[in-house]
Amino acid sequence: MTTGSNGGLWSRFQHDPRDPAYATMRASDRDRAVVHDALAEAYAEGRLDRDELDERTTEVDRAKTYGDLVPPLLDLAADAGVPAVNLAPRADLQRQAQGYYREKLGEAFMGFLIPNLICWTIWFFAGHGFPWPVFVLIGTAGNLVRVLSSKQSIVDARIERLERKRTQALEAPKHEEA
């Protein structure tokens, strides 16, 4: 069980102590008991001597946070040093993608507004000849309309990209072991 290869040890905790999101959270007596059980099992298997068991047990008894529970297990569980990947729920990915779209919309709007203000101001002060800023207006308005009309495809593409990044983060530890 302490090898951690199947995740059994870590699933016995209320929260995975390797996860940075919980590292500073206070640990419960139940979580300390999980570590005590793992240490007792390692002692029974002959992987710890009595002095090491006593030393690590004292360290666990003094542990205040989840992060304090990992060091006594570092050389006993194969995946103790591998942080758990915190998967963002789909709603979080959606929120991030919506934020990305708003950023792109803001860029498109400013890309429309600034060049047009500059060109129309120059045209106005140059004597109102041929309305050449219309060409700038057409080009910049085209980009703004494109962003406005493709909101869902931009959001979907961003969600797909975030999911790909999440998948790569999950696969990364497997490549390191090989």
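This report concerns the structure included in the present document. Everything numeric in this text was worked out from a predicted model, so none of it was measured. (Residues numbered from 1 in each chain as written. Predicted model: local features only at pLDDT ≥ 70, side-chain atom pairs only at ≥ 80, totals over all residues. Heavy atoms only, no water.)

Regarding helix α6 (residues 133-149)
Then, in step 1: In this model α6 runs 24 Å from its N-terminal to its C-terminal C-alpha over 17 residues, within 8% of the 24 Å that 1.5 Å per residue would give.
Then, in step 2: Among all positions in α6, only P133, T140, L144 and V147 are buried. One side of α6 carries all its buried residues, which in axial view fall inside an arc of 60°. Turned more than 90 degrees away from the buried face of α6, the exposed residues are F135, I138, V145 and S149. (Helix = DSSP H or I, 4+ residues; strand = E, 2+ residues; numbered from the N terminus. Expected span 1.5 Å × (residues − 1). Buried < 20%, exposed > 50% of the residue type's maximum accessible area, 1.4 Å probe, protein only. Arc of directions from axis to C-beta.)

So, the packing of helix α5 (residues 90-125) against α6
Then, in step 1: Close contact between α5 and α6 brings their axes to 9 Å; oriented N to C, the two are set at 170°. It follows that α5 is roughly antiparallel to α6 by the angle criterion. The residues of α6 that touch α5, namely those facing Y101, K104, L105, A108, F109, G111, F112, P115, N116, C119, W120 and W123, are P133, V134, V136, L137, T140, A141, N143, L144, V147 and L148. (Axes fitted to C-alpha atoms, helices over the stretch in contact; angles between N-to-C directions. Parallel < 35°, antiparallel > 145°, perpendicular 65-115°, else oblique. Contact = heavy atoms within 4.5 Å.)

Considerations on the packing of helix α2 (residues 29-44) against helix α3 (residues 50-62)
The axes of two packed helices give the description: the angle between them and the distance between them.
Then, in step 1: At a minimum axis separation of 10 Å, α2 and α3 run at an interaxial angle of 175°. Judged on the interaxial angle alone, α3 and α2 are roughly antiparallel. Each of R32, V35, H36, L39, A40 and Y43 in α2 lies in contact with α3, whose residues at this interface are R50, L53, R56, T57, V60 and D61.
Then, in step 2: Partitioned by chemical class, the residues of the contact of α2 with α3 number six nonpolar, two polar and four charged. (Nonpolar A, V, L, I, M, F, W, Y, C, P; charged D, E, K, R; others polar.)

Quick notes on the nonpolar core
Then, in step 1: L9, F13, V35, L39, L69 and L73 are the most contacted members of the largest nonpolar core, which has 18 residues in total.
Then, in step 2: The element that contributes the greatest number of residues to this core is α2, accounting for five residues.
Then, in step 3: Each residue touching V35, except ones within four places of it in the same chain, is listed here: F13, V60, L69 and L73.
Then, in step 4: Of all hydrophobic cores here, the second largest spans nine residues; its members include A97, A108, F112 and L144. (Core = buried A, V, L, I, M, F, W, Y, C linked by side-chain atoms within 4.5 Å.)

Points about a nonpolar patch on the surface
Then, in step 1: A grouping of F109, M110, I114, I118, I122, F130, W132, V134, F135 and I138 is seen on the molecular surface, where their side chains present a nonpolar patch of about 980 Å² in accessible area.
Then, in step 2: Breaking the nonpolar patch down by element, the ones donating at least two residues are α5 and α6.
Then, in step 3: Considering each element in turn, the nonpolar patch owes the most residues, five residues, to α5.
Then, in step 4: Here W132 shows up in the loop between α5 and α6.
Then, in step 5: For W132, a relative accessible area of 34% puts it in the partly exposed group. (Patch = residues over 30% accessible without salt bridge, like charges linked within 9 Å, V, L, I, M, F, W, Y side chains within 5 Å. Areas by Shrake-Rupley, 256 points an atom, 1.4 Å probe, with all protein chains shown as cover. Salt bridge = Lys/Arg side-chain N within 4 Å of Asp/Glu carboxyl O.)

Description of the side chain of T65
Then, in step 1: In this structure, T65 sits in the loop between α3 and α4 (66-69).
Then, in step 2: When sequence neighbours within four positions are dropped, the list of residues in contact with T65 reads A23, T24, M25, R26 and A27.

Quick word on the pattern of salt bridges
Then, in step 1: Considering all chains together, one arrives at nine salt bridges under this definition.
Then, in step 2: With a shortest N-O distance of 2.8 Å, D75 and R56 are connected by a salt bridge. Highlighted residues: D75 in the loop between α4 and α5 and R56 in helix α3, separated in sequence by 19 residues.
Then, in step 3: Across the salt bridge formed by D92 and R95, the nearest N and O atoms sit 2.7 Å from each other. With a gap of three residues between them, D92 and R95 both fall in helix α5, about one helical turn apart.

So, α3
Then, in step 1: Over its 13 residues, α3 runs 18 Å from end to end, which matches the ideal 18 Å to within 8%, given 1.5 Å per residue.
Then, in step 2: Considered for burial, the residues of α3 that qualify are L53, R56 and V60. All buried residues of α3 lie within an arc of 75° about the axis, which places them on one face of the element. Turned more than 90 degrees from where α3 packs its buried face, D51, E55 and R62 sit exposed.
Then, in step 3: Buried residues belonging to α3 abut α2 and α4.

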